[in-house]
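# Per-entry structural report
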Amino acid sequence: MQSPVFNFQMLFPSLILDALFAVGIRVDSGLTALNSYENRVYQFMDEDRHRFVVKFYRPERWTQAQIQEEHDFALALVDDEVPVVAPLKLNGQTLHCYEGFYFAVFPSVGGRQYEMDNDDQLEGVGRFLGRWHQKGQKALFLARPTIGVEEYLDKPYQLLTQTQRIPAVCRDSFLQSTQQLIEMVKRYWTLDASFLRLHGDCHPGNILWRDGPLFVDLDDARNGPAVQDLWMLLHGERQEQRIQLDILLEAYSEFMTFQEKELALIEPLRAMRMVHYLAWIIRRWEDPAFPPSFPWIKDDDFWFRQTAIFTEQVKLLQEPPLQLLSMY
């Protein structure tokens, strides 16, 4: 792990340019910051007019071994013709370190935004997720984590109980609803599912469309149940979700068998994401990029709404899981 003295406030443009020069890249344009809260990501053009993206990893979030494992998996997926944006090998390696910062260089790729209501695109995503999981089931990550209640519920709850960011007027009711939600999730997080190497954060924002899907940002890659890479692609009313799920799984099943019992994990996974997300914002609050991006976290109304959302999620957890319309 890097020393705590390394933080993004020290990541000056001169350091970025020097880091790129150290791996053989001369920057010929300005550095354009791309949207990323967890890391720092910049697009640029080199002296040969080629566009690249450089990603500086948040210090102390991942170990060198964990980042390298992500890179190796991305390259293996590309070898299997799964459309993933993988890091470039420079001087024989994908992960570099300069002045205490780990970083990687990626090709700059364009594409249209994935259309959530486009059934053809949903089918294309399902097909390639099936190929992804076919590769992912052959081994598990050894250094990267596995989805579980400790990381997504227990540690976040501990942080939420200790923070002063929650207004006093709604603190007790919010923490009580959070505790009830966690207890309910743990009751349902008992399914004996097969785990594999996942994208981990496969929401529509991490998919581009270029005559087919292109998956980006494997920063949250980890071991877990296959349904984790599927449920965030569903939206709308329950009947709409069932139709989308059938389309998704019909294409997915061309390459990978889906265990229908994993559908019971959708609402527990949704709840885990909710709790983890709030704790993530609070954990990163000292990062200057966070307060202006999440100003609503200071509002009483926000925390009252979260209490209501968590209470509703407890009810959803007790309902029958989403069912398929057909056996695809």
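Structure: see above.
I will try to describe carefully the structure that is included in this document. Computed from a predicted model, the values in this text were never measured in an experiment.

Secondary structure assignment for the protein yields 9 helices and 10 strands. What you see for the protein is a C-alpha radius of gyration of 21 Å, in line with the 20 Å of a compact globule of 328 residues. Overall, the protein is about 60 × 50 × 35 Å in size when its C-alpha atoms are taken along their principal axes. Buried residues in the protein amount to 50% of all 328 residues. Expressed as a percentage of contacts within the protein between residues at least 6 apart in sequence, the contacts between residues at least 24 apart total 72%. Of the roughly 15700 Å² of accessible surface on the protein, a fraction of 49% belongs to carbon and sulfur atoms. In the protein, 32 side chains carry a positive charge and 46 a negative one; their mean positions are 3 Å apart.

Core analysis: the largest hydrophobic core is formed by 71 residues, its most contacted members being Phe215 and Trp303. Of all the secondary structure elements, the ones that give two or more residues to this core are α2 (64–79), α3 (119–136), α4 (149–162), α5 (168–188), β8 (207–209), α6 (238–252), α7 (266–283) and α9 (300–317). Residue contributions to this core peak at 9 residues, all from α7. Discounting chain neighbours no more than four positions away, the residues touching Trp303 are Arg165, Ile166, Pro167, Cys170, Phe174, Leu278, Ile282 and Ile297. Counting 17 residues, the second-largest nonpolar core is a separate cluster that includes Phe8, Leu15, Leu20 and Phe52.

Right, let's talk about the sheet that holds strand β6 (residues 112–113) for a bit. Spatially, β6-β8-β9 is the arrangement adopted by the 3 strands of the open sheet, whose pairing is antiparallel. Each of the sheet's edge strands pairs with one partner strand only, and the pair in question is β6 and β9 (213–215). Sheet strands touched by α3: β6, β8 and β9. Its angle to β9, the strand with the most contacts, is close to 50°.

Thresholds applied
Residues numbered from 1 in each chain as written. Predicted model: local features only at pLDDT ≥ 70, side-chain atom pairs only at ≥ 80, totals over all residues. Heavy atoms only, no water. Helix = DSSP H or I, 4+ residues; strand = E, 2+ residues; numbered from the N terminus. Rg over C-alpha atoms; globule rule 2.2 N^0.38 Å. Buried < 20%, exposed > 50% of the residue type's maximum accessible area, 1.4 Å probe, protein only. Contact = heavy atoms within 4.5 Å. Areas by Shrake-Rupley, 256 points an atom, 1.4 Å probe, with all protein chains shown as cover. Lys, Arg positive; Asp, Glu negative; His and termini not counted. Charge placed at Lys NZ, Arg CZ, Asp CG, Glu CD. Core = buried A, V, L, I, M, F, W, Y, C linked by side-chain atoms within 4.5 Å. Pairing = 2+ DSSP bridges. Axes fitted to C-alpha atoms, helices over the stretch in contact; angles between N-to-C directions.

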